[in-house]
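A structural walkthrough
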Amino acid sequence: MPSYTVTVATGSQWFAGTDDYIYLSLVGSAGCSEKHLLDKPFYNDFERGAVDSYDVTVDEELGDIQLVKIEKRKYWLHDDWYLKYITLKTPCGDYIEFPCYRWITGEGEIVLRDGRAKLACDDQIHILKQHRRKELETRQKQYRWMEWNPGFPLSIDAKCHKDLPRDIQFDSEKGVDFVLNYSKAMENLFINRFMHMFQSSWSDFADFEKIFVKISNTISERVMNHWQEDLMFGYQFLNGCNPVLIQRCKKLPEKLPVTTEMVECSLERQLTLEQEVEQGNIFIVDFDLLDGIDANKTDPCTLQFLAAPICLLYKNLANKIVPIAIQLNQVPGDENPIFLPSDAKYDWLLAKIWVRSSDFHIHQTITHLLRTHLVSEVFGIAMYRHLPAVHPIFKLLVAHVRFTIAINTKAREQLICEYGLFDKANATGGGGHVQMVQRAMQDLTYISLCFPEAIKARGMDSTEDIPYYFYRDDGLLVWEAIKTFTAEVVGIYYKSDQMVVEDQELQDFVKDVYVYGMRGKKTSGFPKSIKTREKLSEYLTVVIFTASAQHAAVNFGQYDWCSWIPNAPPTMRAPPPTAKGVVTIEQIVGTLPDRGRSCWHLGAVWALSQFQENELFLGMYPEEHFIEKPVKEAIARFRKNLDTIVSMIAERNKNKKLPYYYLSPDRIPNSVAI
């Protein structure tokens, strides 16, 4: 009688093993086997991290094995089981791999296909077509769209983390409990004694050092020592944690009535301001999105305020970017003066602090939350709803949506919900952050997620003109490496553009992103369908780059740039100044966050800047969804390209007082998971 050797690999994460009964059935082209209990006498099967082998003898020839069916039945208490893969050795000596990488819960069952990636057009056998269809029907019931707030991209229909499908939950929910993590961060930073001291102001700037952890030679300490300098202020628009707002000024806006006379002492080329604009030396950051946003009113004992500044910057003869004019609100007038470097020291300093605070709000809610977290969740949900596990695009993308839906669900549960942690320290808490996302959705376009196009659109693409824009330089390298990789994978499975057009599962995935993620807005420019291999490669690059590199660039520098509170105040406790010559150091300190809010802010930026335990970085694919040699070779080339980029960035950063490393591939996690 034919005999098969079945090798079963159990996951190595916590609680991956099971004591339940595990049964296996084989489905072949010539028949189906009986159900076989996988059990070795006097042996603890399916322990965490184990790889177990079993001999399975069948009554008759089964032909080519098409499916493997696994059933789990209760032994004592229900425990979930994480099955990595099954390998089958046939009577002829051939090996067939069946990747799984999924949880089997309760008295569940799972049906696996072999690991070769297949498009729907490749499946001619009825049982395989049926398996494909059933998998998507099941998934579409599990992964449902929900509107969390009007105008937001749709998200997963789950009120809390435990409501999610088991396959996308965190291995340990405790590890991503925001309340626990922020409290633990404050404890680790030795600042928990201040965490309840709301309404209690600091004495002066030096007093902030009581909650500032000095770690020798780090960026955060350099920020503390140089934050008041114009060079440091300008540098952050290029290489801080929100390097996406600065753009070349092509025409001075009417709402900022700045003249050459006002800024003459800042201009170094003996040109008028208009001539400097023409030569491309003037840059602008406009925080108009904040205009009219409601400030946080959740604490009746503390008034909180927002501004909507316009900041004009200048490229000096050393090619460094420095601020030359700041107007703190959008409508010019006597009570909205234009602050200048030539003004009194504290007038100019407070104006810059207002800009830094506004930048913090845009960074947290738009650059970080909307444009990486929420967008990546949309891609993830659409992928699970429309691409079966055997589809090559599912195999390519699944590592890049790992834990994204889970972290966002946890954020909606604890962080950005009503009375959530976001309300504790942020001036845009209490609903302002919701208004911001609703507004920013109008500007969320597909082209703005294409990194090279986004850089060009802001007029920031010239390396000669703007030589110190490391975010741009490193981002372009990583973008090209990802695009080369996706183009190779697309080329392996799609031999023509026609195959792309005819892949209905792929087209449904793309359409779901447009209809539900982007709410069907034509102005978003998101494609409703994809017609060429080149466009598919670009689309996949957007998905992977957004989830990995873009998120890394705007997330992991938060402690570096935002831990020194005066450099990134999460709230301001007095309105913007309406006149010059009246600002004092006492007024500035009284405007900055109180002790309690400072501590919650510091705990947040510390926790958000930490990598996950067992983090998987770009190019790391420990789950072998692909088994074919050409794809494995493409992955190896991708890793090699990424290693080259790591070396280039390390070489450039040598001896730099302010190294830029957020886009070094060895520091870019595969997915949005924190």
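Source: prediction; values computed, not measured. (Residues numbered from 1 in each chain as written. Predicted model: local features only at pLDDT ≥ 70, side-chain atom pairs only at ≥ 80, totals over all residues. Heavy atoms only, no water.)

As for unusual backbone geometry
- Phi at phenylalanine 15 is positive, roughly 60°, even though this residue is not glycine.
- Inspection of the secondary structure puts phenylalanine 15 in the loop between β1 (3-10) and β2 (21-28).
- In this structure phenylalanine 15 comes out as exposed when scored by relative accessible area, which is 64%.
- One non-glycine residue, asparagine 319, adopts positive backbone phi at about 65°.
- Its relative accessible area of 27% is what places asparagine 319 among the partly exposed residues. (Helix = DSSP H or I, 4+ residues; strand = E, 2+ residues; numbered from the N terminus. Buried < 20%, exposed > 50% of the residue type's maximum accessible area, 1.4 Å probe, protein only.)

What to know about the packing of helix α4 (residues 230-239) against helix α7 (residues 345-386)
- It is at 12 Å that the axes of α4 and α7 come closest, and there the two elements cross at 20°. It follows from the interaxial angle that α4 and α7 lie roughly parallel. Crossing handedness for the pair α4 and α7: left-handed. Contacts between α4 and α7 involve Asp230, Phe233, Gln236 and Phe237 from the first element and Trp348, Lys352, Val355, Arg356 and Asp359 from the second.
- Across the contact of α4 with α7, the residue classes tally to 4 nonpolar, 1 polar and 4 charged. (Axes fitted to C-alpha atoms, helices over the stretch in contact; angles between N-to-C directions. Parallel < 35°, antiparallel > 145°, perpendicular 65-115°, else oblique. Left-handed = near helix turned anticlockwise from the far one by under 90°. Contact = heavy atoms within 4.5 Å. Nonpolar A, V, L, I, M, F, W, Y, C, P; charged D, E, K, R; others polar.)

Looking at the domain arrangement of the protein chain
- Each domain of the protein chain was delimited in the assignment, giving domain 1 (3-114) and domain 2 (118-142 + 151-244 + 355-649).
- Once you take the C-alpha centre of each, domain 1 and domain 2 turn out to be 37 Å apart.
- If you look at the interface, domain 1 gives 15 residues, while domain 2 gives 16 residues.
- Roughly 1600 Å² is buried in total at the junction of domain 1 and domain 2, and carbon and sulfur atoms are behind 55% of that figure.
- It is Tyr101, Trp103 and Arg113 that lose the most area in domain 1 upon contact with domain 2, and together they represent 42% of the buried surface on that side. (Domains from an automatic or database assignment. Buried area = accessible area lost by both parts, 1.4 Å probe.)

Observations concerning the nonpolar core
- Counting 158 residues, the largest nonpolar core has Ile246, Phe509 and Trp561 as its most contacted members.
- Ranked by residue count, the leading element in this core is α7, at 20 residues.
- Within the second largest apolar cluster, 25 residues are counted, among which are Tyr4, Leu83, Cys100 and Leu112. (Core = buried A, V, L, I, M, F, W, Y, C linked by side-chain atoms within 4.5 Å.)

Quick word on the sheet that holds β1
- Within the open sheet, the 4 strands sit side by side as β5-β1-β7-β8. Their pairing is antiparallel. Looking at strand neighbours, the two that pair on one side only are β5 (51-57) and β8 (95-104), the edges of this open sheet. In this sheet, neighbouring strand axes are inclined to one another by 20° on average, regardless of whether the strands run parallel or antiparallel.
- As defined by bridge partners, strand β7 (residues 81-89) adjoins β8 across 8 bridges and the pair is classed as antiparallel. By the bridge assignment for β8, tyrosine 82 is matched with tryptophan 103. (Pairing = 2+ DSSP bridges.)

A few points about a negative patch on the surface
- Taken together, the side chains of Glu34, Asp59, Glu60 and Glu61 define an acidic patch exposed on the protein surface.
- Among the structural elements, aspartate 59 can be located in the loop between β5 and β6 (65-73).
- Using a relative accessible area of 58% as the deciding quantity, one classes aspartate 59 as exposed. (Patch = residues over 30% accessible without salt bridge, like charges linked within 9 Å, V, L, I, M, F, W, Y side chains within 5 Å. Areas by Shrake-Rupley, 256 points an atom, 1.4 Å probe, with all protein chains shown as cover. Salt bridge = Lys/Arg side-chain N within 4 Å of Asp/Glu carboxyl O. Lys, Arg positive; Asp, Glu negative; His and termini not counted. Charge placed at Lys NZ, Arg CZ, Asp CG, Glu CD.)

A closer look at helix α11 (residues 432-440)
- Listed in full, the buried residues belonging to α11 are Gly432, His433, Val434, Met436, Val437 and Ala440.
- Along its buried surface, α11 packs onto α7 and α10 (422-425).

Points about the UniProt feature "binding site: Ca(2+) 1" (unreviewed entry) in the protein chain
- This chain's UniProt record puts "binding site: Ca(2+) 1" (unreviewed entry) on Gly17, Asp79 and Asp80. On the basis of their most widely separated C-alpha atoms, the annotated residues across 64 residues gather in one place, lying no more than 8.0 Å apart.
- The residues touching glycine 17, leaving out its near neighbours within four places in the chain, are Thr10, Phe46, Glu47, Arg48, Asp79, Asp80 and Trp81.
- By secondary structure assignment, the location of aspartate 80 is in the loop between β6 and β7.
- A relative accessible area of 25% means that aspartate 80 is categorised as partly exposed.
- For aspartate 80, the side chain forms a polar contact with the side chain of arginine 166, separated by 3.2 Å. (UniProt positions renumbered as here; feature names shortened; annotations may be inferred. Polar contact = N/O pair within 3.5 Å; in protein donor to acceptor, adjacent residues only side chain to side chain.)

Digging into the pairing of β8
- The buried fraction of β8 is high, at 7 of 10 residues.
- Between β7 and β8, which follow one another and run antiparallel, lie 5 residues, and glycine 93 among them has a positive phi close to 95°.

Some words on the side chain of serine 598
- Relative to the helices and strands, serine 598 resides in helix α19 (residues 595-608).
- Of the residues examined, serine 598 reaches a relative accessible area of 0% and is grouped as buried.

Details of the pattern of salt bridges
- What the rule picks out here adds up to 34 salt bridges.
- Between lysine 315 and aspartate 465 there is a salt bridge, and its shortest N-O distance comes to 4.0 Å. With lysine 315 in strand β14 (residues 310-315) and aspartate 465 in the loop between α12 (451-457) and α13 (470-493), this residue pair connects regions lying 150 residues apart in the sequence.
- Here glutamate 624 and lysine 632 are joined by a salt bridge, their closest N and O atoms 2.9 Å apart.
- Residue classification places glutamate 624 among the partly exposed residues on the basis of a relative accessible area of 38%.
- On the basis of relative accessible area, lysine 632 is assigned to the partly exposed category, the value being 35%.
- Salt bridges linked by common partners bring Arg113, Asp123, Arg132 and Glu505 together as one network.

Side note on the side chain of arginine 573
- Its place among the elements puts arginine 573 in the loop between α17 (558-562) and α18 (585-591).
- Put simply, arginine 573 is tucked away with no salt bridge, and the nearest opposite charge, on aspartate 594, sits 4.6 Å away.
- At 3.3 Å, the side chain of arginine 573 and the backbone oxygen of glycine 590 are in polar contact.

Structural notes on the environment of aspartate 512
- Within the element layout of this structure, aspartate 512 appears in helix α15 (residues 504-517).
- A C-alpha to C-alpha distance of 8.9 Å links aspartate 512 and methionine 383, two positions 129 residues apart in sequence.
- Not counting residues within four places of it along the chain, the set of residues in contact with aspartate 512 comprises Trp145, Ala382, Arg385, His386 and Gly517.
- At 3.1 Å, the side chain of aspartate 512 forms a polar contact with the side chain of histidine 386.

As for the sheet that holds strand β13 (residues 282-286)
- On the basis of which strands lie adjacent, the open sheet formed by 5 strands has the order β12-β13-β14-β15-β16 and antiparallel pairing. Two strands bound the open sheet, and with one partner strand each, they are β12 (247-248) and β16 (338-339).
- Bridge analysis of β14 against strand β15 (residues 321-327) gives 6 bridges, and the strand direction is antiparallel. In the strand pairing of β15, leucine 313 is matched with proline 323.
- Relative to β15, α4 is tilted by about 95°, and along the sheet it contacts β13, β14 and β15.

As for the environment of glutamate 274
- Here glutamate 274 is to be found in helix α6 (residues 273-278).
- For glutamate 274, a relative accessible area of 40% puts it in the partly exposed group.
- Separated by 147 residues in the primary sequence, glutamate 274 and leucine 421 place their C-alpha atoms 46 Å from one another.
- The contacts of glutamate 274, once residues within four sequence positions are left out, are Leu252 and Thr260.

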